Amino acid sequence: MGGLKAVAVITGGDNSIKGSLQFLQDHNGVTHVRGKIVGLKPGLHGFHIHALGDTTNGCNSTGPHFNPLNKDHGGPLDAIRHAGDLGNIVAGQDGVAEVSIEDYHVSSGFNLQCKASDQAPLYL
Ligand SMILES: [Zn+2]
């Protein structure tokens, strides 16, 4: 192992959404995103990293999608996309989403290291 690691703790301000996500960036550039979120409505939920870790005004204060390379929004498999565009996660009828994603864009070569020393990123 030995790659860069980060953890995001998710808490809902006015509801029961919570969970945690682990980010592990391997030396080969792939970032593994794993964890569990509970309290969601069943079905698909957009899953993005936002630029700011400020949750004082809910999603309104988290800024745009994390986009250090100034690209257009896209899907997780698109060549052109925000680094924070991770597609959708799926919550079951119990409201639980098990997250297991491998992604080559989210690191953009530097962001986990940069964000870890800057401000904790917000993962939604
Ligand atoms: Zn986006």
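Higher on the page you've got the structure.
Now for a quick tour of the structure. (Residues numbered from 1 in each chain as written. Predicted model: local features only at pLDDT ≥ 70, side-chain atom pairs only at ≥ 80, totals over all residues.)

Within the protein chain one finds one helix and eight strands. In sequence order, the protein chain lays out its α and β elements as β-β-β-β-β-β-β-α-β. Within the protein chain, contacts between residues at least 6 apart in sequence are counted, and of these 49% link residues at least 24 apart. (Helix = DSSP H or I, 4+ residues; strand = E, 2+ residues; numbered from the N terminus. Contact = placed C-beta atoms within 7 Å.)

For a regular strand, the rule is simple: side chains alternate between the two faces of the sheet. By the alternation rule, side chains of strand E2 (residues 18-25) split into Gly-19, Leu-21, Phe-23 and Gln-25, which are all buried, and Lys-18, Ser-20, Gln-22 and Leu-24, of which none is buried. Note that E2 and strand E3 (residues 31-38) share eight bridges and pair antiparallel. From the neighbouring strand, Gly-19 faces E3, where its bridge partner is Ile-37. Between E2 and E3, which pair antiparallel and follow one another directly, the connecting turn spans five residues, one of which, Gly-29, has a positive phi of 100 degrees. (Buried ≥ 20, exposed ≤ 12 C-beta atoms within 10 Å, placed from the backbone. Pairing = 2+ DSSP bridges.)

Our focus in this paragraph is unusual backbone geometry. Note on backbone geometry: most residues besides glycine have negative phi, and most peptide bonds are trans. Phi at Asn-70 takes a positive value of approximately 55 degrees, unusual for a residue other than glycine. Examined against the element boundaries, Asn-70 turns out to sit in the loop between strand E5 (56-59) and strand E6 (85-91). Judged by the 6 C-beta atoms lying within 10 Å of it, Asn-70 falls in the exposed class.

Pairing within the open sheet is antiparallel, and its four strands lie in the order E1-E2-E3-E7. With one partner strand each, in any of the chains shown, strand E1 (4-11) and strand E7 (97-103) form the two edges of the open sheet. The average angle at which neighbouring strand axes cross in this sheet is 10 degrees, direction not considered. Where E3 and E7 come together, seven bridges link them in antiparallel fashion. When the sheet's bridge partners are listed, Lys-36 is paired in E7 with Glu-98. (Axes fitted to C-alpha atoms, helices over the stretch in contact; angles between N-to-C directions.)

Residue position: Pro-42 is located in the loop between E3 and strand E4 (43-50). In this structure Pro-42 comes out as partly exposed when scored by C-beta crowding, with 13 C-beta atoms within 10 Å. Expressed as a C-alpha distance, the spacing of Pro-42 and Asp-94, which sit 52 residues apart in the sequence, is 7.0 Å. Excluding anything up to four places from it in sequence, Pro-42 contacts Ala-91, Gly-92, Gln-93 and Gly-95.

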